[in-house]
Amino acid sequence: MGYTETLCAYNTLQFKDYSRYEANMFDGDGKAKYKDEHFPKDLQNAYELGKRLVEKAKENLKGE
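Each value, and the rule that gives it
- Residues numbered from 1 in each chain as written.
- Predicted model: local features only at pLDDT ≥ 70, side-chain atom pairs only at ≥ 80, totals over all residues.
- Heavy atoms only, no water.
- Helix = DSSP H or I, 4+ residues; strand = E, 2+ residues; numbered from the N terminus.
- Rg over C-alpha atoms; globule rule 2.2 N^0.38 Å.
- Buried < 20%, exposed > 50% of the residue type's maximum accessible area, 1.4 Å probe, protein only.
- Areas by Shrake-Rupley, 256 points an atom, 1.4 Å probe, with all protein chains shown as cover.
- Lys, Arg positive; Asp, Glu negative; His and termini not counted.
- Charge placed at Lys NZ, Arg CZ, Asp CG, Glu CD.
- Salt bridge = Lys/Arg side-chain N within 4 Å of Asp/Glu carboxyl O.

Describing the overall build of the chain
Inference 1: A tally of helices and strands in the chain yields one helix and zero strands.
Inference 2: Against the globule reference of 11 Å for 64 residues, the chain gives a C-alpha radius of gyration of 17 Å, more extended than a compact globule.
Inference 3: For the C-alpha atoms alone, the extent of the chain along its principal axes is close to 55 × 20 × 15 Å.
Inference 4: Among the 64 residues that make up the chain, the fraction classed as buried is 9%.
Inference 5: Accessible surface, the chain as shown: approximately 5,800 Å² in total, 53% of it carbon and sulfur.
Inference 6: Averaging the coordinates of the 11 positive side-chain charges in the chain and doing the same for the 12 negative ones gives two points 5 Å apart.

Some remarks on the side chain of K31
Inference 1: Tracing the chain through its elements places K31 in helix α1 (residues 28-62).
Inference 2: This buried residue, K31, is left without a salt bridge; D27 holds the nearest opposite charge, at 8.9 Å.

Considering the environment of H38
Inference 1: Relative to the elements of secondary structure, H38 occurs in helix α1.
Inference 2: Judged by its relative accessible area of 30%, H38 is partly exposed.
Inference 3: When the C-alpha atoms of H38 and Q14 are compared, they prove to be 16 Å apart, with 24 residues separating the residues in sequence.

Regarding unusual backbone geometry
Inference 1: Backbone geometry at N11 places phi at a positive 55°, although glycine is not the residue there.
Inference 2: Along the chain, N11 turns up in the segment before α1.
Inference 3: Overall, N11 belongs to the partly exposed group, its relative accessible area being 34%.

Okay, structure coming up:
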């Protein structure tokens, strides 16, 4: 399939509003805080990964 990479994003939100669901196994406030702290970096990492994948695809096209 070609060049691949993996990007992991942890502790993601399952719901926008945890108070609307019976989901006591999740800490909605903690997840929201984690998202606020980590999501911008996750987005940046995803953007950089996309750039790398495009560059690798271009390299493969040049080699054909």
